[in-house]
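# Notes for the structure review
Residues per chain are reported as follows:
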Amino acid sequence: MKTIYHAANSRGDANHGWLKSKHTFSFANYYNPERMGFGVLRVINDDFVIGGKGFGKHSHRDMEIISIPLVGKLAHGDNIGNEGVIETGEIQVMSAGTGITHSEMNGDTDEPVQFLQIWVMPNKMNVVPRYQQVRMSELMQPNEFNQILSPNVDDAGVWIYQNAWFSMGDFDKGVRQTYQLKDPSNGVYVFVISGKAAVNDDILATRDGLGIWDTDSFTIEVAEDTKVLVMEVPVSF
């Protein structure tokens, strides 16, 4: 097993007043040649947007963009007439494909929204743009790695154009649980949303990340109540 540890306080930082963002990997004005992604996992942005503000119209192409609100709600709209709201406890994927122009705004005029935006490079280009949204609470079992994303249209959670699986877990203090990779040639990026846990010899606290590869499983030992996002993706090192 090989690992790479990214402490929460080592992430890139952007503060635009209305937006505060932490970048696990190089993004916008944050550039670190050693932090260009983890395999096809290209972006993990931890965004905080004040009430009534957001990202105006901007374009994407050939990228799988996953949005997971942690607090509040996120409103979105695009140039082909789609609009809606993603609430805390939901996950949305947008396959940008041939190209789409959209906006993402705080869905509340007063309360802030905090959300993860994750970009995965697809294995199929020039697809017709699409959205999918699922309520994760319907998938969640306590103290388990619960699948919320996969490559399979008929599987649990949302699906994307990539050989990738995401799982979310809410673990109680003292729990020990093992994650088995769906594809042993993949790697896994573990992102601790809140809490504290050990993955083998690495201690991870809130917003820490750990990339893992050259293994078919890993074990988490929970030091305090912990919410964790596991992103299994193709890697090449």
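Residues numbered from 1 in each chain as written. Predicted model: local features only at pLDDT ≥ 70, side-chain atom pairs only at ≥ 80, totals over all residues. Heavy atoms only, no water.

Looking now at the overall build of the protein. Within the protein, the regular secondary structure consists of zero helices and 20 strands. Taking 18 Å as the expected radius of gyration for a compact globule of 237 residues, we find that the protein reaches 17 Å, a close match to that expectation. In terms of its C-alpha atoms, the protein occupies a principal-axis envelope of roughly 45 × 40 × 35 Å. Taken across its 237 residues, the protein has 53% of its residues classed as buried. Within the protein, contacts between residues at least 6 apart in sequence are counted, and of these 71% link residues at least 24 apart. Carbon and sulfur atoms provide 47% of the accessible area of the protein, an area that totals close to 10500 Å². (Helix = DSSP H or I, 4+ residues; strand = E, 2+ residues; numbered from the N terminus. Rg over C-alpha atoms; globule rule 2.2 N^0.38 Å. Buried < 20%, exposed > 50% of the residue type's maximum accessible area, 1.4 Å probe, protein only. Contact = heavy atoms within 4.5 Å. Areas by Shrake-Rupley, 256 points an atom, 1.4 Å probe, with all protein chains shown as cover.)

Inspection of the entire model under this criterion finds nine salt bridges. Where aspartate 46 meets arginine 207, a salt bridge forms, and the shortest distance between an N and an O atom there is 2.6 Å. Of the two residues, aspartate 46 is situated in strand β4 (residues 41–49) and arginine 207 in the loop between β18 (202–205) and β19 (209–213); the sequence distance between them amounts to 161 residues. Looking at aspartate 46, the relative accessible area reads 6%, which means it is buried. A residue is classified by how much of its surface remains accessible, and arginine 207, at 13% relative accessible area, is buried. Here lysine 227 makes a salt bridge to aspartate 170, at a shortest N to O gap of 2.8 Å. (Salt bridge = Lys/Arg side-chain N within 4 Å of Asp/Glu carboxyl O.)

Take lysine 20: it is sitting in strand β3 (residues 19–23). If we skip the residues at most four places from it in the chain, lysine 20 touches Ala14, Asn15, Asp46, Asp47 and Phe48.

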